[in-house]
Structures are given as C-alpha cells and as structure tokens.
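Descriptive analysis of the structure
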Amino acid sequence: MVELNVVAKVKVLPEGVDVDLEVIQKKLSEIVSDYGKIHSLEVKPVAFGLNCIEANLLLSDSEGGLEEIERKVADLAGVSDVNVLDVNRL
C-alpha cells in the first residue's frame, strides 16, 4: 500500500451558478482515486450565488500526480478554474 503523506488543498470554481457541483464532486473523486483519496470536501460560497468546491486531497509524494489532477479537473465540463491553495507534508 502506498503511504499518503501529502495533503493538498484545491479550489474548484464552476463556470456559473447553474453548474451542478455534485457532478463535479463525483468526477473529482474519480480522478483523485488514481492518485490518492479525498480527505474532506466542502462547498463554499464565493459571491452572487456562486459556490466553489474546496477539497483536501491525500496524496503520496513519491507518486506525484497533483499537476495531473489539476489538469484533468480543469478539463471537466462546467469547470472554470482549479487552484492549488496549499500543499503540506503530513
């Protein structure tokens, strides 16, 4: 089993208020499962009815994958932007 020893906090912004965040959450979980797992996930308000997803991901520093996760999530339909807010070792 791979040791998950890095936590990365990412913020996923949808293209608009009409984007179904549950669909993005499900696809995010599928993408992350190839590299680690989601420790926590929260929907937070941004402004004017727009919400974003903030997720804490547990990853292995030997496996890498944060750039790939960021790229794959950014390519999802309905996603406007993906930002890595923080990366720390556990």
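In this report, the structure presented in the accompanying data block is examined. (Residues numbered from 1 in each chain as written. Predicted model: local features only at pLDDT ≥ 70, side-chain atom pairs only at ≥ 80, totals over all residues. Heavy atoms only, no water.)

What follows is about the overall build of the protein chain. A tally of regular secondary structure across the protein chain gives two helices and four strands. Shown N-terminal to C-terminal, the secondary structure of the protein chain runs as helices and strands in the order β-α-β-β-α-β. Against the 2.2 N^0.38 benchmark of 12 Å for 90 residues, the protein chain shows a C-alpha radius of gyration of 13 Å, consistent with a compact globule. Referenced to the eigenvectors of the C-alpha coordinate spread, the extents of the protein chain come out at roughly 40 × 20 × 15 Å. (Helix = DSSP H or I, 4+ residues; strand = E, 2+ residues; numbered from the N terminus. Rg over C-alpha atoms; globule rule 2.2 N^0.38 Å.)

Attention shifts here to the pattern of salt bridges. One pass over the structure, following the stated rule, counts three salt bridges. Here R89 makes a salt bridge to D61, at a shortest N to O gap of 2.1 Å. Of this pair, R89 sits in strand β4 (residues 79-89) while D61 sits in the loop between β3 (50-59) and α2 (66-74); the two residues are 28 residues apart in sequence, bridging distant segments of the chain. Several salt bridges converge on common partners, so that one network encompasses K9, K44 and E54. (Salt bridge = Lys/Arg side-chain N within 4 Å of Asp/Glu carboxyl O.)

A few words on the sheet that holds strand β1 (residues 6-14). Within a beta sheet, neighbouring strands are joined by backbone hydrogen bonds and run either parallel or antiparallel to one another. Taken in spatial order, the four strands make up an open sheet running β2-β3-β1-β4, and their pairing is antiparallel. The sheet terminates laterally at β2 (36-47) and β4, the two strands that pair on one side only. Put simply, the sheet's adjacent strands are angled 20° from each other on average, direction ignored. Together, β1, β3 and β4 form the strand contacts of α2, whose direction differs from that of β4 by roughly 160°. (Pairing = 2+ DSSP bridges. Axes fitted to C-alpha atoms, helices over the stretch in contact; angles between N-to-C directions. Contact = heavy atoms within 4.5 Å.)

Attention now goes to the environment of R71. In this structure, R71 sits in helix α2. Its relative accessible area of 47% is what places R71 among the partly exposed residues. For R71 and K11, which are 60 residues apart along the polypeptide, the C-alpha to C-alpha distance reads 13 Å. (Buried < 20%, exposed > 50% of the residue type's maximum accessible area, 1.4 Å probe, protein only.)

Glancing now at the side chain of N5. Along the chain, N5 falls in the segment before β1. Sequence-distant contacts of N5, defined by excluding residues within four places in its chain, comprise L59, S60, D61, N88, R89 and L90.

It is at 10 Å that the axes of helix α1 (residues 21-32) and α2 come closest, and there the two elements cross at 150°. If you check the angle between α1 and α2, you find them roughly antiparallel. Here α1 and α2 pass one another in a crossing that is right-handed. Side by side, α1 and α2 meet where L28, I31 and V32 of the first sit next to I69, K72 and V73 of the second. When grouped by side-chain class, the residues that make up the contact of α1 with α2 number five nonpolar, no polar and one charged. (Parallel < 35°, antiparallel > 145°, perpendicular 65-115°, else oblique. Left-handed = near helix turned anticlockwise from the far one by under 90°. Nonpolar A, V, L, I, M, F, W, Y, C, P; charged D, E, K, R; others polar.)

Scope: geometric values only; no functional claims are made or implied.
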